[in-house]
Amino acid sequence: DAFRNAGLSHILALSGMHLSMFSAIAILLGDIVGRKKITYLIRIIALILFVWFAGFSPSLLRAFICASLSLMAAMNSSSKTDLVLILSFSFILQCIISPSDIHNIGFIMSYGALAGILLTSNFFRYLYSKFMPQALANSLSASTGAQFITAPVSLKVFGSFCPVGVIATSMVSPLVTVFIYSGLALIILSLAIPVLQAPSGIFINLQYNIIKFFVILFSRTPKIQI
C-alpha cells in the first residue's frame, strides 16, 4: 500500500528493471569467461530462465521481448540500436502473441512509461540540467518522462496520481537496486562462508528499513484526485 500511495508500484512489478539486473549478471559472468559469443549465450539463458521462473506477466513479457530484440541487434553488431523502433515492434508482436494483454493495466503502464522515457526524457534532461547536477538531472528526467505518459492513465483508471512519484522513484529505485544486488551477493557469500550469515542479515535488514522509511515518508504526501 505504501509503495502504491507513493507512486512506486512499478518498482514492485516484475519488468525491465529486474530483467536488466539478471542480464547484467550474465554479462559479468560472460566477461569472466572472456568470450563474446559465450556472453550472448549466457544472457539468453539468463533471460529465459528468469521469465520462466517469474511467469509471463504483461509487463515482464514486454521487457523480455525488448531485451531479446536488443540482444539480437547486439549479436548482429548493430552500431546504433533504435529503442523506439524496438519498443514499437515489441508492442505489435505482443499484441499478436497475447491479444488479451491489450486491456491489462500493467501492459498499458509498462509501454506508456517506457515510451515516455524514450520520447521525452531528453527534453526534461535539458530543463533539469540548467539548475542541478547532471547525474540528478538524468535520473529525474527518466522518472518525469515515465510519469508524463502514465499520469493520465493513472487518473483515469485509479482516480488519483502521485506527483511525488517523480522524486520518489529517483531516490528509492537505486536503493532497491542495491538491495537486490547485495542480497544476491550475500546469499552466495553466506553459503560459501557460513559465519557471514549473521552480519549479512544485519546489513540486509538495515537496507530494508531505509527503503521502508523513504517509501512510507513519500506515501504520506498529498495526491491529485478526481
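Residues numbered from 1 in each chain as written. Predicted model: local features only at pLDDT ≥ 70, side-chain atom pairs only at ≥ 80, totals over all residues. Heavy atoms only, no water.

Examining the overall build of the protein
Looking only at helices and strands, the protein has 10 helices and 2 strands in total. The secondary structure elements of the protein, listed N-terminal to C-terminal, are α-α-α-α-α-α-α-α-β-α-α-β. Contacts in the protein between residues far apart in sequence, at least 24 positions, make up 67% of those at least 6 positions apart. Of the roughly 13,300 Å² that the protein leaves accessible, carbon and sulfur atoms contribute 73%. (Helix = DSSP H or I, 4+ residues; strand = E, 2+ residues; numbered from the N terminus. Contact = heavy atoms within 4.5 Å. Areas by Shrake-Rupley, 256 points an atom, 1.4 Å probe, with all protein chains shown as cover.)

Some points on the side chain of Thr150
Along the chain, Thr150 falls in helix α8 (residues 134-158). Note on Thr150: relative accessible area 9%, which makes it buried. When sequence neighbours within four positions are dropped, the list of residues in contact with Thr150 reads Met109, Gly112 and Ala113. (Buried < 20%, exposed > 50% of the residue type's maximum accessible area, 1.4 Å probe, protein only.)

As for the nonpolar core
Counting residues in each nonpolar core, the largest one holds 12 residues, listed as Phe3, Ala6, Leu8, Ile11, Cys162, Val164, Ala168, Val172, Val176, Ile211, Val215 and Phe218. Beyond its immediate chain neighbours, meaning those up to four positions away, Phe3 contacts Leu8, Ser9, Ile11, Leu12, Ile211 and Val215. Formed by 9 residues, the second largest nonpolar core is a distinct cluster that contains Leu61, Ile86, Phe107 and Tyr111. (Core = buried A, V, L, I, M, F, W, Y, C linked by side-chain atoms within 4.5 Å.)

A short note on helix α6 (residues 83-97)
Taking 1.5 Å of rise per residue, the 15 residues of α6 would be expected to cover 21 Å, and the 20 Å separating its terminal C-alpha atoms lies within 8% of that figure. What α6 keeps buried is the set Ile86, Leu87, Ser90, Gln94 and Cys95. Viewed along the axis of α6, the buried residues span an arc of 165°, placing them on a single side of the element. α6 presents Leu85 and Ile96 as exposed residues on the side facing more than 90 degrees away from its buried surface. Next to the buried residues of α6 lie α5 (58-75) and α7 (105-128). Looking at where α6 begins, the residue whose side-chain oxygen comes 3.2 Å from the main-chain nitrogen of Val84 is Asp82. (Expected span 1.5 Å × (residues − 1). Arc of directions from axis to C-beta. Polar contact = N/O pair within 3.5 Å; in protein donor to acceptor, adjacent residues only side chain to side chain.)

Describing the packing of helix α9 (residues 165-192) against helix α10 (residues 197-219)
The axes of two packed helices give the description: the angle between them and the distance between them. Viewed as axis vectors pointing N to C, α9 and α10 meet at an angle of 165°, and their least axial separation amounts to 10 Å. Compared by their axis directions, α9 and α10 come out roughly antiparallel. Here α9 and α10 pass one another in a crossing that is left-handed. In this structure, α9 uses Ile167, Ala168, Met171, Val172, Leu175, Val176, Val178, Phe179, Ser182, Gly183, Leu186 and Ser190 to contact α10, whose residues at the interface are Gln197, Ser200, Phe203, Ile204, Gln207, Tyr208, Ile210, Ile211, Phe214, Val215 and Phe218. (Axes fitted to C-alpha atoms, helices over the stretch in contact; angles between N-to-C directions. Parallel < 35°, antiparallel > 145°, perpendicular 65-115°, else oblique. Left-handed = near helix turned anticlockwise from the far one by under 90°.)

Here's the deal with the pattern of salt bridges
The tally for this structure, following the rule as stated, stands at 1 salt bridge. With its nearest N and O atoms 3.1 Å apart, the salt bridge here joins Asp1 to Arg4. Judged by its relative accessible area of 67%, Asp1 falls in the exposed class. (Salt bridge = Lys/Arg side-chain N within 4 Å of Asp/Glu carboxyl O.)

What to know about the packing of α5 against α7
With their axes 7 Å apart at the nearest point, α5 and α7 run at an angle of 40° to one another. Put simply, α5 runs oblique to α7. For the pair α5 and α7, the contacting residues are Pro58, Ser59 and Arg62 in the first and Gly106, Phe107, Ser110, Tyr111 and Leu114 in the second. Its residues assigned to classes, the contact of α5 with α7 shows 4 nonpolar, 3 polar and 1 charged. (Nonpolar A, V, L, I, M, F, W, Y, C, P; charged D, E, K, R; others polar.)

Comments concerning the confidence of the model for the protein
With 89% of its residues at a pLDDT of at least 70, the protein reaches an overall mean of 84. Considering each helix and strand of the protein separately, the mean pLDDT is smallest for helix α3 (residues 16-33), with a value of 67, and largest for α10, with 94. (pLDDT = per-residue confidence, 0-100.)

Topic: the packing of aromatic side chains
Tallied over the entire structure, the rule returns 8 aromatic pairs. Centre to centre, the rings of Phe123 and Phe124 are 5.5 Å apart; their planes meet at 65°, and the pair counts as edge-to-face. Residue Phe124 is classed as buried on the basis of its relative accessible area of 13%. Centroid distance Phe213 to Phe214: 5.3 Å. Interplanar angle 75°. Geometry classified as edge-to-face. Given a relative accessible area of 22%, Phe214 falls into the partly exposed group. (Phe/Tyr/Trp six-rings, centres within 6.5 Å; stacked < 30°, edge-to-face > 60°.)

Focus: the environment of Phe161
As for its placement among the helices and strands, Phe161 is situated in strand β1 (residues 160-161). Separated by 155 residues in sequence, Phe161 and Ala6 place their C-alpha atoms 9.3 Å apart. Setting aside anything within four residues of it in sequence, one finds Phe161 in contact with Gln147, Ala151, Ser154, Leu155, Lys223 and Ile224.

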